[in-house]
Amino acid sequence: MNERISNEKLRGKIMTADEAAALIPNGAQIGFGGFTGSGYPKELPQALANRIKAAHERGEEFTVNAFTGASTAPELDGALAGVDGMHYRMPYQSDPTLRKKINDGTTLYTDIHLSHSAQLVAEGFMGKLDFAVVEAVRITEDGNIVPTSSVGNNKTYLDMAEKIIIEVNSWQSPDLEGMHDIWNGYLTPPNRPIIPINNVGDRIGDTFLTIDSDKVVAVIETADRDRNSPFKPIDDDSRAIAGYLLDFYANEVKHGRLPKNLLPLQSGVGNIPNAVLDGLLHSDLENLTSYTEVIQDGMVDLIDAGKLAVASATAFSLSPDYAHNMNENAKNYRKSIVLRPQEISNHPEVIRRLGVLSCNGMIEADIYGNVNSTHVMGTRMMNGIGGSGDFTRNAYISAFVSPSTAKDGAISAIVPMVSHVDHTEHDVMVIITEQGIADLRGLAPRLRAQKIIDNCVHPDFRAQLQEYFDHSLVTSKAKHTPHDLRHSYDWHLNFIENGTMKLSHYR
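What counts, and where the lines are drawn
Residue numbers here run from 1 along each chain, matching the order of that chain's written sequence. Local features in a predicted model are, by the rule used here, given only for residues with pLDDT of at least 70; side-chain atom pairs are given and counted only at 80 or more, and totals for whole chains, interfaces and linings are based on all residues. Hydrogens and water are ignored here; the side-chain numbers use all heavy atoms of the structure. Numbering of helices and strands runs from the N terminus, with a helix taken as a DSSP run of H or I at least four residues long and a strand as a DSSP run of E at least two residues long. With the radius of gyration taken over C-alpha atoms, the globule rule is written as 2.2 Å times the number of residues to the power 0.38. Only protein chains enter the area calculation, which uses a 1.4 Å probe; residues under 20% of their type maximum are buried, those over 50% are exposed, and those in between are partly exposed. The accessible surface values rely on the Shrake-Rupley method and a 1.4 Å probe; as for residues, cover is taken only from the protein chains in view. Charge assignment in this entry is limited to Lys and Arg as positive and Asp and Glu as negative, and neither His nor the chain termini are counted. Throughout, a charge is located at the NZ atom of Lys, the CZ atom of Arg, the CG atom of Asp or the CD atom of Glu. Every helix has an expected span of 1.5 Å times one less than the residues it contains. The contact criterion used throughout is that any non-hydrogen atoms of two residues lie within 4.5 Å. In this description, strands pair whenever DSSP reports at least two bridges between them. Among buried residues, the Ala, Val, Leu, Ile, Met, Phe, Trp, Tyr and Cys ones that are joined through side-chain atoms within 4.5 Å form a nonpolar core. Every angle, taken between N-to-C directions, lies between 0 and 180 degrees, and every axis is a line fitted to C-alpha atoms, over only the stretch in contact when it is a helix. The term salt bridge refers to a pairing of a side-chain nitrogen on Lys or Arg with a carboxyl oxygen on Asp or Glu at a separation within 4 Å. An angle below 35 degrees is read as roughly parallel, one above 145 as roughly antiparallel, one from 65 to 115 as roughly perpendicular, and any other as oblique. Patch rule: a residue counts if its relative accessible area is over 30% and it has no salt bridge; like charges are joined within 9 Å, and nonpolar side chains (Val, Leu, Ile, Met, Phe, Trp, Tyr) within 5 Å. Stacked, tilted and edge-to-face are the three classes assigned to paired rings of Phe, Tyr and Trp, where Trp is represented by its six-membered ring and a pair needs centres within 6.5 Å; plane angles under 30 degrees give stacked, over 60 edge-to-face, the rest tilted. Any Lys NZ or Arg CZ found within 6 Å of a ring centre and within 35 degrees of that ring's normal is scored as a charge over the ring.

Enquirer: Which parts of the structure should I look at to understand the overall build of the protein?
Expert: Counting its regular elements, the protein contains 17 helices and 26 strands. Relative to the 2.2 N^0.38 estimate, which gives 23 Å for 507 residues, the radius of gyration of the protein is 23 Å and therefore close to what a compact globule would have. In terms of overall dimensions, the protein has C-alpha extents of about 75 × 60 × 45 Å along its principal axes. Residues counted as buried form 58% of the 507 residues belonging to the protein. Of the roughly 19600 Å² of accessible surface on the protein, 50% is carried by carbon and sulfur atoms. In the protein, the 46 positive side-chain charges and the 64 negative ones have mean positions that sit 4 Å from each other.

Enquirer: Is there a simple way to explain helix H16 (residues 459-475) in this structure?
Expert: Side chains three or four residues apart in an α-helix point the same way, a direct result of the helix having 3.6 residues per turn. Between the first and last C-alpha of H16 there are 25 Å, a value that for 17 residues agrees with the 24 Å anticipated at 1.5 Å per step. Listing the buried residues of H16 in full gives Phe-461, Gln-464, Leu-465, Gln-466, Tyr-468, Phe-469 and Ser-472. Those residues of H16 that are buried are in contact with strand E22 (405-406), strand E23 (411-412), strand E24 (414-415), helix H15 (445-456) and helix H17 (490-498).

Enquirer: Could you clarify how one ought to interpret the pairing of strand E26 (residues 436-439) in this entry?
Expert: A one-sided burial pattern is seen for E26, the buried positions being Gly-436 and Ala-438 and the unburied ones Ile-437 and Asp-439. Examined bridge by bridge, strand E25 (residues 430-433) and E26 share four bridges and lie antiparallel to one another. Its bridge partner lying in E26, Thr-433 is registered against Gly-436. Between the end of E25 and the start of E26, which pair antiparallel, lie two residues.

Enquirer: Please clarify how the environment of Ile-182 should be interpreted in this entry.
Expert: Position of Ile-182 relative to the elements: it lies in the loop between strand E8 (163-169) and strand E9 (216-222). On the basis of relative accessible area, Ile-182 is assigned to the buried category, the value being 1%. Between the C-alpha atom of Ile-182 and that of Lys-155, which follows or precedes it by 27 residues, the distance is 7.9 Å. Filtering out sequence-adjacent residues up to four positions away, Ile-182 remains in contact with Val-151, Lys-155, Gly-205, Asp-206, Phe-208, Leu-209 and Pro-341.

Enquirer: Help me understand the nonpolar core in this model?
Expert: Side chains of nonpolar character tend, in soluble globular proteins, to be buried together. Ile-166, Tyr-249, Leu-262, Leu-280, Phe-316 and Ile-337 are the most contacted members of the largest nonpolar core, which totals 71 residues. With six residues, helix H8 (residues 236-254) is the largest single contributor of residues to this core. Leaving out residues up to four positions away in the same chain, Tyr-249 has contacts with Leu-258, Leu-262, Leu-265, Leu-357 and Ser-358. If you look at the next biggest cluster of nonpolar residues, it comprises 39 residues, including Ala-47, Ala-73, Leu-76 and Val-83.

Enquirer: Please clarify how the sheet that holds E9 should be interpreted in this entry.
Expert: Whenever strands of a sheet pair, they do so through backbone hydrogen bonds, lying parallel or antiparallel. The sheet built from seven strands is open, its strands ordered E4-E3-E2-E1-E5-E8-E9 with parallel pairing. Either end of the sheet is taken by a strand with one partner, and the two such strands are strand E4 (108-109) and E9. Here strand E1 (residues 29-32) pairs with strand E2 (residues 64-67) via three bridges, running parallel. When the bridges of E2 are listed, Ile-30 appears paired with Ala-66. Its contacts with the sheet place helix H4 (residues 74-82) against E1 and strand E3 (86-90), and it is angled at close to 150° to E3.

Enquirer: Mind showing me how you'd approach the pattern of salt bridges here?
Expert: Side chains carrying opposite charge are able to pair once their charged atoms draw close together. For the structure on display, the rule yields 24 salt bridges. Sharing partners across several salt bridges, the network here consists of Glu-252, Arg-257, Asp-439 and Arg-441.

Enquirer: Help me out: how do you make sense of the environment of Met-160 in this one?
Expert: Structurally, Met-160 is set in helix H7 (residues 154-160). With a relative accessible area of 36%, Met-160 lands in the partly exposed category. Along the chain, Met-160 and Arg-227 lie 67 residues apart, while their C-alpha atoms are 27 Å from each other. Excluding residues that lie within four positions of it along the chain, Met-160 makes contacts with Val-121, Ala-122, Leu-129 and Lys-215.

Enquirer: What is the right way to look at the sheet that holds E24 in this model?
Expert: The three strands are arranged E18-E17-E24 in an open sheet whose pairing can be described as mixed. Of all the strands in the sheet, just strand E18 (371-372) and E24 have a single pairing partner and so form its edges.

Enquirer: Would you explain the packing of helix H3 (residues 44-57) against H4 in this entry?
Expert: Each pair of packed helices can be described by the angle between their axes along with the distance between the axes. It is the contact of H3 with H4, at a shortest axis distance of 8 Å, that shows an interaxial angle of 10°. What the angle tells us is that H3 and H4 run roughly parallel. Residues Pro-45, Gln-46, Leu-48, Ala-49 and Ile-52 of H3 touch H4, and the partners they reach there are Glu-75, Leu-76, Ala-79 and Leu-80.

Enquirer: So what exactly am I meant to see when it comes to a nonpolar patch on the surface here?
Expert: Where nonpolar side chains cluster on the molecular surface, the patch consists of Tyr-489, Leu-493 and Ile-496 and spans about 290 Å² of accessible area. For Ile-496, the location among the structural elements is in helix H17.

Enquirer: What is the right way to read the packing of aromatic side chains from this model?
Expert: Working definition: an aromatic ring pair is given by the centre-to-centre distance plus the angle between the planes. Considering all chains together, one arrives at three aromatic pairs under this definition. Where Phe-67 meets Tyr-88, the ring centres are 6.0 Å apart and the plane angle is 80°; that geometry is what we call edge-to-face. Taken as a pair, Phe-67 in strand E2 and Tyr-88 in strand E3 lie far apart in primary sequence, 21 residues in all. Taking 6.0 Å as the distance between ring centres and 50° as the angle between the ring planes, the aromatic pair formed by Phe-248 and Tyr-249 counts as tilted. Given a relative accessible area of 4%, Tyr-249 falls into the buried group. Sitting over the face of the ring of Tyr-40, Lys-42 holds its NZ or CZ atom 4.0 Å from the ring centroid.

Read these as layout, nothing more, since geometry by itself doesn't imply function.
Here it is in C-alpha cells:
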C-alpha cells in the first residue's frame, strides 16, 4: 500500500498502531479526525484503548482528553470510553458507551456548537493540543494529506498539534481526491477576512491539508471501513412530517417568499430528514442545492436523479450500500459534492448570506417555541447540540421536527416548559410533528402557544396542555408569556416518578 504514501520522509515513519499508541502518554490532549462516523482514525484509538486498559490493570492512571469533529464510531469513542480512558470529550458524540460514561460522571463533556469548536482550540482556550490523529486517502510527494470521507476539524488539529499521527486507509477511494475544499484564509481575529463563498458550489481553497511533516511521528497503514449504518425504513410519522414541510415550502414559493428551486437545504441525520429528501426526489422541484453538514443517502439519490445540482458539507453519513457506491463512483460525484472544514460548512456568515433552509430534530419543544435538543428530562445528555444551533439561528427559515410522542406514547414532545433550552423561541420559526405544522413567525407568545397546541400536540396530551395554558392565563400576573411555575414541570416529574407524562388531573 506504499503507493499511497508518496513522501519518502513520511514513508520512513510507518509503524503499527500499537507502536504509535506507545507514543501517547497519560493526560495527552488529542484532536481526532472524524465526523458522523466518517473519516475517523480506526486502529490507533483501539490500540490506545488496549494500552490504557493494561495500565489500569497494573493500577496506573491513564486517560486522555479527546477532541473530534463530531460523533465517531465504536472503534474510537466506544473503545476509549469502554476502558474508562476518556477523561474529557468535546464537541459532540453519539456513542452509547460514551453516553453512559458522560451521564454517570466518569467522562467530562463539553457540548459545543460545531462551528465554534475549532476556534476554541485555535485560540488556545482548550489548552495545548499534544497530538492530531487523522485519516488520509494518501500522502502526497510534498507531504500533504488528502482527506477521506470527512474534513471536520482536521485542519485546525493538524495546525495546532505538537505531534501528528496519520492513518492512511486503502478502503477509502483515491477518487475522493479533488472533492475537498480546504480554505487556508480562516484566521483568528483581528485578522479574519470575509469567507468568499457566494454560491453553494464555490471552491475557495486546496484539495489537500497542508501539514508540517516534521511534526509527524507515525504513519499507520489501514484498510478499515467507515461506520456506515443502514437507515431505518421511512415510517408513516416521518412521511407525514416530511409532507407538512414540503407543503410549507411549496406555499412559500407560491407567495413569492422562496424561489422555485427553494434555497440551499440543511437537514440533520435520521429518519425524518431521509423522508424529506425522499419527498423532494418525488416532487417536481429541480436544480436544488444543499449547504449542510453531512451528505446522506437521499442527497445522493437527488444527485443521481439530476435534481440536486450541488451539495456542500463537511462529511458523508451514508448507509453501507451508498458508501460502497460512493467509493466506486467518487470521481463522478466530485462535480456535485464539496467537503469543507466544519468551521466553514457551519459558518453563520455563509449560512445567513446563502439563505439556508434548516430542518433539525428535537427532543422536546414547549408551548412558546423553545427547543431542547440535547437533554432527556433536563439532565441526561443524549448526543449534543451539534450544528443545529449554527444553522437554526442563522437560517432564512428554521424548522424543528419530531414525532409528537415517544416511549410508546408515555412522553409528549410538546410540553409546558422545556426541561433544557438549546434553541430559544427567538430562533425557532416552524415546529412540525405528524399531527401538523405551526408557523410561528411574527406571532406573539400567547398566539404561538395556541397554534402549537392546536396543530402539533398528540390528541392524548392536547387537552392536558390546553388546561395548563388556560390555567396559566388566569394565574400568571404577567400576560405576555404566561406560565404557572408551580406546575410547569409536572409532566417531567410525573414521568420520572410514574413512567408517563399523562396526568390524572392538572393540579
